[in-house]
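# Summary of the model geometry
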Amino acid sequence: MSTSTVVVGLQWGDEGKGKIVDLLADRHDAVVRYNGGANAGHSVVIKGERFALHLIPSGILHKGKAAVVGNGVVIDPDWLARELDGLHARGVDTSSLVISDRAHVVMPWHKAEDELREKWLSEGSLEPIGTTKRGIGPCYADKATRGCAVRVGDLLTPGPLAKRLESICRLKTAMLSSIGGPDKAAYTYDHKATVDLCLAWGQRFKQYIQDTSAMLLDLQQAGKSILFEGANATLLDVDHGTYPYVTSSTCSSQGAAPGAGVPAASLGDVLGIMKAYSTRVGGGPLPTELIATEADCAMGDRIRQKGREFGTTTGRPRRVGWLDLVVVKYSARLNGAKGLSVMLLDVLGGIEQLNVATSYMIDGHPTDRITPHADWLARAKPIYQTLPGFGDLTKARKKSELPRSAIAYLDLIEATVGVPVRFVSVGPDREQTIEYS
Ligand code: GDP
Ligand code: IMO
Ligand code: MG
């Protein structure tokens, strides 16, 4: 069997996974998204043309490549429809898209509940999570509680669907209108209208829907290789991230097997994707965040502007910090990463001195390991190594074209994390990539 690969984010998301999936798609027979939903935003730039993918695997840009939305994904059909229309308008052939009949549907009440919960938290004594308000958490919660869930396959079964939606609409109306404030109409879910909506979605997507687990198992049996496209990232993993400031799925490589419906032993290689610095959107700790002094804030702004660090999904400015190798080392170990892809290295070009956190001081003790709890990480004070900066890297296409100081930065990453760097990215375009080792 040829080697499959899991592409996984090692920090807090937006590491550049989309670019690497697009790059590796040619070397695999199918690409599958295994987790998350429209909270993800994966950008691919081909000869200057930018594509932003939220639900559809980044491999779709390779004509004819099977692009699978696995059972572990939560699908907002309106987002999916918009994404498909956007791709069609730009001449992208989407006929190779396949959607799992077992993926869960993000319903209107999930988005309403996400919004209400965030509002509720911000008005109370707790901090909001800073979610994307795409209904991700409530949809996964319904998947786990079962009775009120709607799966993609249900959209094709009018009779049973109508029967189930009868009680689901009543329950969701009762629950949300009781906490939704005076505008009761906004939280009333009409049975007939909801059934019609679901059946329309079913008609729109029926050509793509199938048992994707069976399809992937058949491909594996035929010796084909699969590229697993992780969404979100390790520090946002519901079990292993900075809980509660996380998303609601297993974003680490461990989620690829259940989220795609294949054996864990068949996942193959794990490639960890990391930015050359740190970013985070939403709440929760970011130990190396550049906010302590005016000079720090100015440096953070400089990196934010140069790296275009504004959310692909929500447009929110991303919080920015120095590279945190304590976090990357943790994630690489947890995911079993065999190689690293260091992204956005060009963004650091022109900065005279670069700080990299290689250990922390926590409660008076030094450590190079993290405990992934939000309150633990919030107390961690980074200990930095300072390295000389480098100039413009955007034209480099080979390791030999990188300056010594850039290689020293990459050496520190390899030595601290204990995993070789395979790719270095020096610009958003497909071409701006170095096969490093
Ligand atoms: P993902 O969610 O991990 O796929 O990452 P996003 O697409 O949300 O964010 C990464 C951003 O960085 C996108 O705007 C990419 O086009 C851009 N990008 C990726 N690699 C590089 C790089 O090496 N240099 C620069 N300057 N931008 C990059
Ligand atoms: P990609 O795949 C960055 C963050 C949100 C929020 C938290 C929970 O593009 O790297 P949710 O809506 O999932 O309940 O929000 O998780 N988050 C991401 N941040 N990139 C992502 O995906 C993210 N997916 C979720 O900002 O803090
Ligand atoms: Mg993103």
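The rules behind these values
Residues numbered from 1 in each chain as written. Chains lettered and ligands numbered in written order. Predicted model: local features only at pLDDT ≥ 70, side-chain atom pairs only at ≥ 80, totals over all residues. Heavy atoms only, no water. Near = heavy atom within 4 Å. Polar contact = N/O pair within 3.5 Å; in protein donor to acceptor, adjacent residues only side chain to side chain. Areas by Shrake-Rupley, 256 points an atom, 1.4 Å probe, with all protein chains shown as cover. 1 Å grid on protein atoms, 1.4 Å probe; cavity = no way out; pocket = protein on both sides within 12 Å on 5 of 7 lines; lining within 4 Å. Sits in = over half its atoms within 2 Å of the grid points. Buried < 20%, exposed > 50% of the residue type's maximum accessible area, 1.4 Å probe, protein only. Helix = DSSP H or I, 4+ residues; strand = E, 2+ residues; numbered from the N terminus. Pairing = 2+ DSSP bridges. Core = buried A, V, L, I, M, F, W, Y, C linked by side-chain atoms within 4.5 Å. Domains from an automatic or database assignment. Contact = heavy atoms within 4.5 Å. Arc of directions from axis to C-beta. Axes fitted to C-alpha atoms, helices over the stretch in contact; angles between N-to-C directions. Buried area = accessible area lost by both parts, 1.4 Å probe. Salt bridge = Lys/Arg side-chain N within 4 Å of Asp/Glu carboxyl O. Donors = N, O, S within 2.8 Å, 3.2 Å for Na, K, Ca; no water. Phe/Tyr/Trp six-rings, centres within 6.5 Å; stacked < 30°, edge-to-face > 60°.

## Side note on the site of ligand 2
Taken together, 20 residues sit near ligand 2, with Lys 17, His 42, Thr 132, Asn 232 and Thr 247 positioned nearest. A distance of 2.8 Å separates an oxygen atom of ligand 2 from a polar backbone atom of Asp 14. In this structure, an oxygen atom belonging to ligand 2 sits 3.0 Å away from a side-chain N or O atom of Arg 316. With the chains in place, 97% of the 550 Å² that ligand 2 exposes on its own is no longer accessible. Among the cavities detected, the one that contains ligand 2 is the largest pocket.

## A closer look at the pairing of strand S10 (residues 226-229)
Residues of S10 alternate between two faces, with Ile 226 and Phe 228 on one and Leu 227 and Glu 229 on the opposite face, all of them buried. In this sheet, S10 lies alongside strand S1 (residues 5-9) in parallel orientation, the contact comprising three bridges. Each bridged residue has a counterpart across the sheet, and for Thr 5 the counterpart in S10 is Leu 227. In this sheet, S10 lies alongside strand S2 (residues 30-33) in parallel orientation, the contact comprising four bridges. The residue of S10 that forms the bridge with Val 31 is Leu 227.

## Here's the deal with the nonpolar core
Generally speaking, nonpolar side chains in soluble globular proteins are found buried as a group. Core analysis: the biggest nonpolar cluster contains 71 residues, and Phe 228, Tyr 409 and Ile 413 have the highest contact counts within it. Ranked by residues supplied to this core, first place goes to helix H12 (residues 404-417) with seven residues. Counting residues domain by domain, this core receives three or more from each of domain 1 (4-100 + 209-272) and domain 3 (274-435). In contact with Phe 228, other than residues within four places in its own chain, are Ser 4, Thr 5, Val 6, Val 7, Val 32, Tyr 34, Gln 220, Ala 256, Ala 260, Val 262 and Leu 267. The next biggest cluster of nonpolar side chains, apart from the first, holds 43 residues, and it includes Leu 55, Val 152, Val 195 and Trp 201.

## Considerations on helix H7 (residues 212-221)
When we look at burial in H7, the residues that qualify are Thr 212, Ser 213, Met 215, Leu 216 and Gln 220. Here the buried residues of H7 occupy an arc of 160° about the axis, which is enough to place them on one side. Phi turns positive, to about 80°, at Gly 223, one or two residues after H7.

## Here's the deal with the site of ligand 1
By nearness alone, 21 residues border ligand 1, and Lys 17, Gly 41, Ser 43, Asp 346 and Ser 425 come closest of all. The side chain of Ser 425 places a nitrogen or oxygen atom 2.5 Å from an oxygen atom of ligand 1. A distance of 3.0 Å separates an oxygen atom of ligand 1 from a polar backbone atom of Gly 427. Within the complex, the protein chains bury 96% of what would otherwise be the 590 Å² of accessible surface of ligand 1.

## Description of the sheet that holds strand S20 (residues 433-435)
With mixed pairing, 10 strands are arranged side by side in an open sheet as S9-S7-S5-S2-S10-S1-S11-S15-S19-S20. In this open sheet, the two edge strands, each paired with only one partner strand, are strand S9 (209-210) and S20. Here helix H1 (residues 17-25) sits on the sheet and contacts S1, S2, S10, strand S11 (269-275), strand S15 (339-343), strand S19 (421-425) and S20; the angle it forms with S1, its principal contact strand, is near 165°.

## Notes on the domain arrangement of the protein chain
When cut into domains, the protein chain gives domain 1 (4-100 + 209-272), domain 2 (105-205) and domain 3 (274-435). One C-alpha centre belongs to domain 2, the other to domain 3; they are set 38 Å apart. Each partner contributes residues to the interface: domain 2 has five residues there, and domain 3 has five residues. Approximately 340 Å² of surface area, both sides summed, lies buried where domain 2 meets domain 3, with 41% of it carried by carbon and sulfur atoms. Counting the surface domain 2 buries against domain 3, the share from its top three residues, Gly 130, Thr 132 and Arg 134, is 73%. The interface formed by domain 2 and domain 3 includes zero salt bridges. Where domain 2 meets domain 3, there are two residue pairs in polar contact (both at pLDDT 80 or more).

## Quick notes on the side chain of Asp 22
Tracing the backbone through its elements, the reader meets Asp 22 in helix H1. For Asp 22, a relative accessible area of 2% translates into the label buried. At 2.6 Å, the side chain of Asp 22 and the side chain of Arg 430 are in polar contact. Non-local contacts of Asp 22, meaning those with residues more than four positions away in its chain, are made with Val 44, Ile 46, Ser 58, Leu 61, His 62 and Arg 430.

## Concerning the coordination of the magnesium ion (ligand 3)
Looking at the metal site, the magnesium ion (ligand 3) is ligated by Asp 14 (OD) and Gly 41 (O), spaced 2.0 to 2.2 Å from it. With a gap of 27 residues between them, Asp 14 in the loop between S1 and H1 and Gly 41 in the loop between S2 and strand S3 (42-46) connect regions that are remote in the sequence. We classify Gly 41 as buried; its relative accessible area is 9%.

## Looking at the packing of aromatic side chains
Applying the stated rule across the entire model yields three aromatic pairs. Relative to Tyr 189, the ring of Trp 109 has its centre 5.3 Å away and its plane inclined at 80°; by these criteria the two rings are edge-to-face. Taken together, the residues Trp 109 in helix H3 (residues 108-123) and Tyr 189 in the loop between helix H5 (158-179) and helix H6 (191-205) connect sequence positions 80 residues apart. Comparing Trp 109 with Tyr 189, the two get one shared label, buried. Ring plane angle 55° and centroid distance 6.4 Å describe the contact between Tyr 360 and Trp 376, whose orientation is recorded as tilted. Taken together, the positions of Tyr 360 in strand S16 (residues 353-362) and Trp 376 in helix H11 (residues 374-379) put the pair 16 residues apart, joining distant regions of the chain.

## Details of the pattern of salt bridges
For the structure shown, the criterion picks out 24 salt bridges. Note that Lys 17 is salt-bridged to Glu 15, the shortest N-O span being 2.8 Å. In this structure, Lys 17 and Glu 15 share a single accessibility class: buried. As a salt-bridge pair, Arg 90 and Glu 49 come within 3.2 Å of each other at their nearest N and O atoms. Of this pair, Arg 90 sits in the loop between helix H2 (77-89) and strand S7 (97-100) while Glu 49 sits in strand S4 (residues 49-53); the two residues are 41 residues apart in sequence, bridging distant segments of the chain. For Glu 49, a relative accessible area of 36% puts it in the partly exposed group. Via salt bridges that share partners, Asp 14, Lys 275, Glu 309 and Arg 318 belong to a single interconnected network.

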